[in-house]
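# Understanding the architecture of this molecule
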Protein chains: 2
Amino acid sequence: MKLLEEKIRREGRILHGSVLKVSSFLNHQMDPELIMQLGDEFARRFANDQVSKILTIESSGIALALAAGVALRVPVVFAKKHRSSNVFGEVYQTTVHSYTHDTDYNIVVESEFLRSGDRILLVDDFLANGKALEGLLELVQQAGAEVVGAGIAIEKGFQEGGSLLRQKGLRIESLAIVEKMEGSDIFFRNT
Amino acid sequence: MKLLEEKIRREGRILHGSVLKVSSFLNHQMDPELIMQLGDEFARRFANDQVSKILTIESSGIALALAAGVALRVPVVFAKKHRSSNVFGEVYQTTVHSYTHDTDYNIVVESEFLRSGDRILLVDDFLANGKALEGLLELVQQAGAEVVGAGIAIEKGFQEGGSLLRQKGLRIESLAIVEKMEGSDIFFRNT
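Residues numbered from 1 in each chain as written. Chains lettered and ligands numbered in written order. Predicted model: local features only at pLDDT ≥ 70, side-chain atom pairs only at ≥ 80, totals over all residues.

### Observations concerning the overall build of chain A
When you go through chain A residue by residue, the secondary structure sums to five helices and 11 strands. Against the 2.2 N^0.38 benchmark of 16 Å for 191 residues, chain A shows a C-alpha radius of gyration of 16 Å, consistent with a compact globule. Dimensions of chain A, computed from the C-alpha atoms along their principal axes, are close to 50 × 35 × 35 Å. By the burial criterion, 46% of the 191 residues in chain A qualify as buried. Residue pairs in contact within chain A that sit at least 24 positions apart in sequence constitute 61% of those at least 6 positions apart. (Helix = DSSP H or I, 4+ residues; strand = E, 2+ residues; numbered from the N terminus. Rg over C-alpha atoms; globule rule 2.2 N^0.38 Å. Buried ≥ 20, exposed ≤ 12 C-beta atoms within 10 Å, placed from the backbone. Contact = placed C-beta atoms within 7 Å.)

Quick look at the structure:
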């Protein structure tokens, strides 16, 4: 998606060689108009897939998932990273490893919000090693629901998550795929 | 706001006497259409206040803040609850006490996203004891920016945060104020 690639080129910053910082518009400060446009694009790509619900993970996925939910007119659920005192009763949960923070964390969804028969679109801001997506897939599986695919804003094509998950049969629609980063230059895969 | 009060009456659940659970539409599962309408209402109430930026706190405030940002056409920033490895350089930060989780946590905003001269609208899903709002006010003060007010979805009128902060001069626009909860009945303040 050209619009997103141009925004990344203009405002993205590369740290430590492999960290792409897009916190000026995507996951710390957010550009509402752009985020709604990304949501529209997810909706366009999954328009014929009878999506019944969107599932994301706090915090950076929430805005994009909401935007997609507005466009597809379906509810949005975000998995919580810790069991809070307000999460009670039956839950689906699994453990995810974060390479960014070098730690494991639990993700939890109350079971009433994922049902067998649901057709789930996963949404997240980044896809790199794929651990967060794998965790969300596991929650959907526990619920006996079906995943129609994943909508990702920025995929790091030089990390293995995308290819591993596509090999397993997951449909992934990434709006920008970064092929490599050299110095301050960012190269995108033609999509 | 009648629309929100009716939704709370229909779907809200009272736990342990004082916890109001609205996770079916506001802060775990989200009703995108409703959330955009709440954002429109915040925008209507602060339409003449030259808001230049919206500030909220992860995770439950993000969707509402985005909706308000869409309507007001201004950027949205969410304070992060921990210093992540991608937050670097100059930051504003302060400590907030959570009664829900009975713990203290840090909230952090990179300093480039709050500037002196900014006119900040604070947005959050709940106002109870007011500690989260106080933390956000502190961050804005550190930046030398100005707060035009706070847009809150649900205020617990029987807790002290709202009255304490109004006494200090903060303009608070709460879309629903719960006066008391008895058994399974929820009573709203006339606003």
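Let's pick the thread back up.
### A few points about the relation of the copies chain B and chain A
Note on the chain copies: they are related by a rotation about an axis and a translation along it. Overlaying chain B with chain A gives an RMSD of 0.0 Å, the required rotation being 180° about an axis along which the chain moves by 0.0 Å. Such a combination of turn and shift is consistent with a two-fold rotation axis. Comparing interface residues between copies, 100% of those in chain B also lie at the interface in chain A; the contact surface is shared. (Least-squares fit on C-alpha atoms with pLDDT ≥ 70 in both.)

### Examining the environment of T100(B)
Residues and elements named next belong to chain B. The residue T100 is located in the loop between β6 (91-98) and β7 (103-110) in this model. Take T100: there are 13 C-beta atoms within 10 Å of it, and that puts it in the partly exposed class. For the pair T100 and L139, spaced 39 residues apart in the sequence, the C-alpha separation amounts to 22 Å.

### So, helix α3 (residues 62-72) of chain A
Residue and element names in this part refer to chain A. Buried residues dominate α3, accounting for 11 of its 11 residues. Within the sequence span of α3, burial applies to I62, A63, L64, A65, L66, A67, A68, G69, V70, A71 and L72. Just past α3, the residue R73 takes up positive phi, approximately 60°.

### Notes on the packing of α3(A) against helix α2 (residues 32-45) of chain B
At a minimum axis distance of 8 Å, the contact between α3(A) and α2(B) shows a crossing angle of 105°. Taken together, the axis directions place α3(A) and α2(B) in an arrangement best described as roughly perpendicular. On the side of α3(A), the interface is formed by L66(A), G69(A) and V70(A), while α2(B) contributes P32(B), I35(B) and M36(B). (Axes fitted to C-alpha atoms, helices over the stretch in contact; angles between N-to-C directions. Parallel < 35°, antiparallel > 145°, perpendicular 65-115°, else oblique.)

### Details of the pairing of strand β8 (residues 119-127) of chain B
Residues and elements named next belong to chain B. Taking burial as the measure, the nine residues of β8 include eight buried ones, the bulk of the element. Two elements, strand β4 (residues 53-57) and β8, share three bridges in a ladder whose sense is parallel. Across the sheet, L55 pairs through a bridge with L122, a residue of β8. Alignment of β8 against strand β9 (residues 146-156), held across eight bridges, turns out to be parallel. Residue pairing across strands places I120 opposite V147, the latter belonging to β9. Between the parallel elements β8 and β9, the chain passes through helix α4 (residues 131-143) in a crossover that is right-handed. (Pairing = 2+ DSSP bridges. Right-handed = clockwise from strand over helix to strand, strands pointing away.)

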